[in-house]
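An overview of the molecular structure
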Amino acid sequence: MISRRILWGCLGLLALANAAGFLSNQQWIWAGAGAAIILLWALAILRKSAAISSLLFVVSVLFCAVAYLLGGSPFLALAGVGLALAAWDLDRFSQRLEVRLAASRQFTPPPGEGKDPEPATTGTISIRQVEMTHLRRLGMALLGGWLLGATALAVRLHFSFVLMLMLAFLAFITLRLALGSIRGYVSTIPRQGEGYDSRDTSEDAAGDRPRE
Amino acid sequence: MNRKALLVAALALSLLLIGLFSFNGGLVALALPLLVYLGAALYFSPGEERLVARRALSDDRIRQSAGVTVSLTIVNPGEDLPEVLVEDKHLRGLEVTAGATRTFGALPKGGELTLQYTLAGVRGVYFFNYLRVTASDPFDLFNLSTWIDSPNRLTVKPESPALRKVRIRPPQTRGFAGPILARQSGSGVDFFGVREYQLGDPIRRLNWKVSARHPRDIFTNQFEQERLADVGIILDARAQTNMVVEGESIFEHSVHATAALADALLKDGNRVGLLVYGSGMESAFPGYGRIQHERILETLARTSPGHNYALERLDYLPTRFFPARSQIILVSPLVPEDTQVLLHLRGRGYAVAVVSPDLVHFEQRIARKASREDLAIRIANLERALLFQKLRRAGIQVVDWKTDESLPLAVHAAFGRVILRNTPAAAGTGTSGGRV
């Protein structure tokens, strides 16, 4: 899987970015700690531990912020945040792809039917296509984010306190609208319980299965 | 919005707030990639799902040892779904032997996603109802989970060792030619008796030895007619007679024995009916041939032991279900209270046979009781032997079957000569049949 290779590449570049950020200010301990965090994250990815991976992603982003606050390059910190986000996303995406690969790999068709791990049904999207689409969208999002961040870092504007207050108010309104939009989206999810048949014999009928 | 989205949002918000309160534009800038990522996920998040699922089974009736391939096709007639996780529910009693019950992919407008896996399982009737489809944005931050109806039904029929011939002698037979000796003279192969010669009797049937002793008369041999019989099989599904030891139920052995008997008797051309006596009374009305065989296996597939206070004893057996003076075969571990009912049936003119899986041996074999319980086991065995002796004295055929031994051999010992097929099930050693 190409996404897996890109994931390791992102982790390596993140380690370099962190090290460069800290070492430019002779922060040896912070640089060592950053490298250790990346190493731990790599181990968590290998052990497929999603919770620890998420935790180390947060820690890595905070390390990027610390590197910037300790005098490191803001562009390097920005790149570090983007790389950490890419590594975290690709790790989770690889795990989702594994589901599909496992389903294809384990199934052996009955005698007489040829082995076809990826059934060539009309309209079926292959794993490769799914992967490439995901990488394209992730690349666009990260590039957009980095360019926006870099523009913000490059442009220096001086505001008065009143204007700052108005901007904060605008940001608050925008945030509220965004949250409202998300909440509206959540409310469109059908309630779990619609159309459940009581004759169901599934194993987790008492668990996450919908109930009327 | 799932936990991952909350994590990204919280991280971005933290950087944003710290940057705003500390007047540090750099920190605000660091939050921007996270916000753009979140925004892109929200932009690509799935709207309303309109998916259609088709479920196909390679066979809707299988034997216990066979497998069935389940093919699920999910079609998306609605808008594009960037990422979709399809999970089929695992049914209790069925095991996935190949493939997986979930898959992942993309479903563009008009696209399809196929999931295939193979199942095998224990006897039963299984209903497939729903499968869960979770659609999400490309970054899996905003999910939409729904259940899609894709009904289907699978019957796993019980396995049965092959018996070729079960010799029964009911007092009354049907009018059609068959393999059962009818206790009436007519065309047949077994010698039945001798009578005086009547005009039209073939010369080759004359009994010259008897005729030689009576100079004035001539005698003819008579042969016993062979006809079909009515057979009623009663499967005892009462909870109090069916023991479960360490997950293994003696009822399963009873079911397999019933299936084997029904198979053998129907192959001989007899009319066979089945009555399951347990929490209720379930039946397959008497009939002939392959369709009846399937009907009986279907009934056996869905049956399970149960308790009903009204049916704790066999007193309420619906004898009208069985034609008068027909053959009744009870498959039951038996309890002493059942004796009177069996004797009563025998008294009413039925030919009664009992196939009894040995409950004591079953428990002893699985639970491996300590030596101090040997005395209890001996007493239980003695009680069982006495019970069978009482039944045999009343003319009831008894098959005392130890469940780890071969059923065909046990049936052979009780019912007479049985030709065994060369199957692994018939290759067991030893016999535990009783004497008639």
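Residues numbered from 1 in each chain as written. Chains lettered and ligands numbered in written order. Predicted model: local features only at pLDDT ≥ 70, side-chain atom pairs only at ≥ 80, totals over all residues. Heavy atoms only, no water.

**Section: unusual backbone geometry**
Although it is not a glycine, lysine 48 of chain A sits at a positive phi angle of roughly 55°. Within the chain, leucine 334 of chain B stands out as a residue other than glycine whose phi angle is a positive 70°. Relative to the helices and strands, leucine 334 of chain B resides in the loop between β17 (327-331) and α6 (339-347). (Helix = DSSP H or I, 4+ residues; strand = E, 2+ residues; numbered from the N terminus.)

**What about the nonpolar core?**
Counting residues in each nonpolar core, the largest one holds 54 residues, and the members touching the most others are Trp41 and Phe57 of chain A together with Leu30 and Leu34 of chain B. Elements with a contribution of two residues or more to this core: α1 (2-23), α2 (28-46), α3 (50-69), α4 (74-106) and α5 (127-154) of chain A together with α1 (3-21) and α2 (25-44) of chain B. Among the elements that take part in this core, α4 of chain A stands out by supplying ten residues, more than any other. Ignoring any residue separated from it by four or fewer positions in sequence, one finds tryptophan 41 of chain A in contact with Leu11, Leu14, Ser53, Leu56, Phe57, Ser60, Ala84, Ala87 and Trp88 of chain A. (Core = buried A, V, L, I, M, F, W, Y, C linked by side-chain atoms within 4.5 Å. Buried < 20%, exposed > 50% of the residue type's maximum accessible area, 1.4 Å probe, protein only. Contact = heavy atoms within 4.5 Å.)

**Overview of the confidence of the model for chain B**
Residue and element names in this part refer to chain B. The predicted model of chain B has a mean per-residue pLDDT of 83, with 93% of residues at 70 or higher. In the predicted structure, residues 417-436 sits below a pLDDT of 50 and forms 46 contacts with residues beyond four places in sequence or in another chain. Prediction confidence for the complex, expressed as pTM and ipTM, is 0.67 and 0.73 respectively. (pLDDT = per-residue confidence, 0-100.)

**Points about the packing of aromatic side chains**
Residue and element names in this part refer to chain A. Counting across every chain of the model gives ten aromatic pairs over all chains. Taking the centre distance of 5.5 Å and the plane angle of 65° together, the rings of tryptophan 30 and phenylalanine 63 count as edge-to-face. Of this pair, tryptophan 30 sits in helix α2 while phenylalanine 63 is found in helix α3, placing the two residues 33 residues apart along the sequence. Since its relative accessible area comes to 33%, tryptophan 30 is described here as partly exposed. Taking the relative accessible area as the measure of exposure, phenylalanine 63 reaches 12% and is therefore buried. (Phe/Tyr/Trp six-rings, centres within 6.5 Å; stacked < 30°, edge-to-face > 60°.)

**Things to note about the pattern of salt bridges**
All names here are of chain B. Applying the stated rule across the entire model yields 24 salt bridges over all chains. Ionic pairing is found between aspartate 201 and arginine 195, a salt bridge with its closest N-O pair at 2.9 Å. Note on aspartate 201: relative accessible area 13%, which makes it buried. A salt bridge links arginine 302 to glutamate 282; its shortest N-O distance comes to 2.4 Å. Taken together, the residues arginine 302 in helix α5 (residues 289-302) and glutamate 282 in strand β16 (residues 281-287) connect sequence positions 20 residues apart. Via salt bridges that share partners, Arg61, Arg153, Lys157, Glu282, Glu294, Glu298 and Arg302 belong to a single interconnected network. (Salt bridge = Lys/Arg side-chain N within 4 Å of Asp/Glu carboxyl O.)

**Description of α6 of chain B**
All names here are of chain B. Among all positions of α6, only Thr339, Val341, Leu342 and Leu345 are buried. For α6, the buried positions fall inside an angular range of 165° around the axis, keeping them on one side. Facing away from the buried surface of α6 by more than 90 degrees, the exposed residues are Gln340, His344 and Gly347. The inward-facing, buried residues of α6 abut β17, β18 (351-357) and α8 (374-393). (Arc of directions from axis to C-beta.)

**A look at the environment of tyrosine 309 of chain B**
Residues and elements named next belong to chain B. Within the secondary structure, tyrosine 309 sits in the loop between α5 and β17. The class of tyrosine 309 is exposed, set by a relative accessible area of 69%. Taking C-alpha positions, tyrosine 309 is 8.4 Å from serine 279, a pair spaced 30 residues apart along the chain.

**Description of the packing of α3 of chain A against α2 of chain B**
Here α3 of chain A crosses α2 of chain B at 150°, and the two axes come no closer than 10 Å. Our classification of the angle between α3 of chain A and α2 of chain B gives roughly antiparallel. As α3 of chain A runs across α2 of chain B, the sense of the crossing is right-handed. Contacts from Phe57, Ala65, Tyr68 and Leu69 of chain A of α3 of chain A reach α2 of chain B at Gly26, Leu27, Leu30 and Leu34 of chain B. Looking at the contact of α3 of chain A with α2 of chain B residue by residue, the class counts come to seven nonpolar, one polar and no charged. (Axes fitted to C-alpha atoms, helices over the stretch in contact; angles between N-to-C directions. Parallel < 35°, antiparallel > 145°, perpendicular 65-115°, else oblique. Left-handed = near helix turned anticlockwise from the far one by under 90°. Nonpolar A, V, L, I, M, F, W, Y, C, P; charged D, E, K, R; others polar.)

**Observations regarding the sheet that holds β16 of chain B**
All names here are of chain B. One open sheet accounts for six strands, arranged β16-β15-β12-β17-β18-β19; its pairing is mixed. Two strands bound the open sheet, and with one partner strand each, they are β16 and β19 (397-401). Taken pair by pair, the neighbouring strands of this sheet meet at an average axis angle of 15°, ignoring direction. As defined by bridge partners, strand β12 (residues 230-236) adjoins β17 across five bridges and the pair is classed as parallel. Each residue of the ladder has a partner; that of isoleucine 233, found in β17, is isoleucine 329. Each of β18 and β19 touches helix α9 (residues 407-415); the most contacted strand, β19, lies at about 155° to it. (Pairing = 2+ DSSP bridges.)

**Details of the side chain of arginine 384 of chain B**
Residue and element names in this part refer to chain B. Positionally, arginine 384 belongs in helix α8. At 3.2 Å, the side chain of arginine 384 forms a polar contact with the backbone oxygen of proline 333. A polar atom in the side chain of arginine 384 sits 3.3 Å from the side chain of aspartate 358. Dropping the residues within four chain positions of it, arginine 384 is found in contact with Pro333, Ser356, Pro357, Asp358, Leu359 and Asp400. (Polar contact = N/O pair within 3.5 Å; in protein donor to acceptor, adjacent residues only side chain to side chain.)

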